[in-house]
Amino acid sequence: MSRARRLPPRVLRRLILSVLLGVAVGAAAWSLGMDAAHAVGLGAAAAALVACLSALGEAADLTWAVPAPEPRPGARRDIVQLGWSLGSRGGRVSPEGLRRLRLVAERALAIHGLDLHDSAADPSLERLLGAEVLAVLRRGSTAAPPRTAFVAVVLHRLEALDDATPIRPTAHPAPEETHRAR
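Residues numbered from 1 in each chain as written. Predicted model: local features only at pLDDT ≥ 70, side-chain atom pairs only at ≥ 80, totals over all residues. Heavy atoms only, no water.

## With respect to the overall build of the protein
What the protein contains, in helices and strands, is 7 helices and 0 strands. When contacts within the protein are restricted to residue pairs at least 6 apart in sequence, long-range pairs at least 24 apart make up 53% of them. Accessible area for the protein stands at about 14,500 Å²; split by element, carbon and sulfur atoms hold 62% of it. (Helix = DSSP H or I, 4+ residues; strand = E, 2+ residues; numbered from the N terminus. Contact = heavy atoms within 4.5 Å. Areas by Shrake-Rupley, 256 points an atom, 1.4 Å probe, with all protein chains shown as cover.)

Next comes the structure, spelled out in structure tokens:
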């Protein structure tokens, strides 16, 4: 003995509502002066259309979800976010933009073996960046942020660091190898 399969309650409810809508459309058409045969046909067509459209809503999504691409450092989105984070009202750099600028400066100075917050490295930092740039990069959030035009000056000085040779201090200097011709 097999058990009869029943429709899920929400599908059954949608079918009943579709039939009721078809009856309402047919009755409205008949009351507006349409002959009975055409009013029944219009009601049946409306019920079938609504039932089909509601069945499409029940269909499972058969497509695979495309995973979001992994963000790459330096991609267009990073540059756009950096550009938007720099601007603020009144032509000043936003706090987020200043934080990112400090992060870039710290990374650039780390290549040269310097720490932005190390007071012992002040002479080297002032020689490489200038006293004004160093003061802006070290200032707290309570000071007035610099103008956005000043960011170009800071970035220009940081790019100039690339031309200078890195000063990485090492604990043990590497021994020089002598190459002999055989």
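## So, a nonpolar patch on the surface
A cluster of nonpolar side chains, Leu7, Leu12, Leu15, Ile16, Leu17 and Leu20, forms an exposed patch at the surface whose accessible area comes to about 540 Å². Here leucine 7 is to be found in the segment before helix H1 (9-31). The partly exposed category is assigned to leucine 7, whose relative accessible area is 47%. (Patch = residues over 30% accessible without salt bridge, like charges linked within 9 Å, V, L, I, M, F, W, Y side chains within 5 Å. Salt bridge = Lys/Arg side-chain N within 4 Å of Asp/Glu carboxyl O. Buried < 20%, exposed > 50% of the residue type's maximum accessible area, 1.4 Å probe, protein only.)

## Structural notes on the environment of leucine 42
Topologically, leucine 42 is positioned in helix H2 (residues 36-58). The class for leucine 42 is partly exposed, based on a relative accessible area of 37%. For leucine 42 and alanine 27, which are 15 residues apart along the polypeptide, the C-alpha to C-alpha distance reads 9.6 Å. Leave out the neighbours within four places in its chain, and leucine 42 touches Val25, Ala29 and Met34.

## Remarks on the packing of helix H5 (residues 122-129) against helix H6 (residues 131-138)
With their axes 7 Å apart at the nearest point, H5 and H6 run at an angle of 110° to one another. Between H5 and H6, the angle is such that the two are roughly perpendicular. Contacts between H5 and H6 involve Asp122, Leu125, Glu126 and Leu129 from the first element and Ala131, Val133, Leu134, Leu137 and Arg138 from the second. (Axes fitted to C-alpha atoms, helices over the stretch in contact; angles between N-to-C directions. Parallel < 35°, antiparallel > 145°, perpendicular 65-115°, else oblique.)

## Thoughts on the environment of arginine 147
The topology assignment puts arginine 147 in the loop between H6 and helix H7 (148-163). Looking at arginine 147, the relative accessible area reads 44%, which means it is partly exposed. A sequence separation of 53 residues divides arginine 147 from serine 94, and the C-alpha atoms of the two residues are 9.4 Å apart. Not counting chain neighbours up to four residues away, the residues in contact with arginine 147 comprise Gly90, Gly91, Arg92 and Val93.

## What to know about the nonpolar core
Core analysis: the largest hydrophobic core is formed by 22 residues, its most contacted members being Leu109, Leu129, Leu137, Val154, Leu158 and Leu161. Those elements that place two or more of their residues in this core are helix H4 (95-111), H5, H6 and H7. (Core = buried A, V, L, I, M, F, W, Y, C linked by side-chain atoms within 4.5 Å.)

## Section: the confidence of the model for the protein
Here the protein shows a mean pLDDT of 78. Residues at 70 or above account for 75%. Here helix H3 (residues 76-86) is the element of the protein with the lowest mean pLDDT, 68, and H1 is the one with the highest, 91. Between residues 169-175, whose pLDDT stays under 50, and residues either more than four places distant or in other chains, the model counts 1 contact. (pLDDT = per-residue confidence, 0-100.)

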